[in-house]
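# Results of the structural survey
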Amino acid sequence: MKISIIAFTDNGMEIAYKLFDSLSKDELNDVNFTRCGKGALSAWSEEHFSHSDALVFIGAIGIALRAIAPYIKTKTKDPAVVVVDELGQFSIPILSGHIGGANELAIKISEILNAIPVITTATDINNVFAIDTWAKRQGLKILNPECIKLVSSKLLKGEEIHIKTDYEIK
């Protein structure tokens, strides 16, 4: 997973170093980090949003939202985006929680920093099967992502869903 981290303060940079050291130990991760200079956030966001699997902002959620807003397209293509407060107390996935892996990354970051993961997706907090997470783990492509919320809604209500496939379901 290509993970790009950006920080804005000295405290943020300490957290970035810690995340870099820990996340880089996994050979599957390609981790980079930078300190944001004046006027550099827009260019950084544009470059890394399209070339990274995950973005980690160490700072305020508002800063992260404004930085990524122009580039958000679809839940099946956008990278995971996680925000960590500059004291490292909270790890908050704000985009692509399931398909992009932001929820999983936020939990991993919270373990590294001994922080609290703030997961808000309904299926996760209600311990309900998430069809998009399952599809990702199966290596499947979601052909009709607009139906994810319909399936999740049924499952959250305790209703049954039916899946038709020509392939074995694990």
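Located above this text is the structure these notes cover.
Here the residue numbers are simple positions, counted from 1 along each chain's written sequence. Residue-level local features of this predicted model are given only where pLDDT is at least 70; pairs of side-chain atoms are given and counted only at 80 or more, and the full residue set underlies all totals for whole chains, interfaces and linings. To get the side-chain values, take all heavy atoms of the structure and skip hydrogens and water.

## Some remarks on the pairing of strand S4 (residues 80-84)
Most of S4 sits inside the fold, with five of its five residues counted as buried. Along S4, one buried face is formed by Ala-80, Val-82 and Val-84 and the opposite face, lined by Val-81 and Val-83, is buried too. Bridge analysis of strand S3 (residues 54-58) against S4 gives five bridges, and the strand direction is parallel. Looking at S4, one finds that Leu-55 is bridged to Val-81. Orienting the strands away from the viewer, one traces the path from the first strand over the helix to the second; a clockwise path indicates a right-handed crossover. Strands here are runs of E lasting at least two residues and helices are runs of H or I lasting at least four, both read from the DSSP assignment and numbered beginning at the N terminus. At this point the chain moves from S3, through helix H3 (residues 61-68), to the parallel S4, and the crossover so formed is right-handed. The pairing criterion is simple: DSSP has to find at least two bridges between the two strands. Pairing between S4 and strand S5 (residues 90-95): four bridges, direction antiparallel. Paired with Val-83 across the two strands is Ile-92, which belongs to S5. Only protein chains enter the accessibility calculation, which uses a 1.4 Å probe; a residue is then buried when its area is under 20% of its type maximum, exposed when over 50%, and partly exposed in between.

## Quick notes on the sheet that holds S3
Strand order in the open sheet made by the six strands is S2-S1-S3-S4-S5-S6, with mixed pairing throughout. Two strands in the sheet have a free side with no partner beyond their single neighbour: strand S2 (30-35) and strand S6 (116-117). Summarising the sheet, strand S1 (residues 2-7) and S3 pair through five bridges and their orientation is parallel. Paired with Ile-5 across the bridge in S3 is Val-56. Its contacts with the sheet place H3 against S3, S4 and S5, and it is angled at close to 25 degrees to S5. Note on contacts: a residue pair is in contact if any heavy atoms of the two residues lie within 4.5 Å. All axes here are fitted lines through C-alpha atoms, helices being fitted over the stretch that makes contact, and every angle between N-to-C directions spans 0 to 180 degrees.

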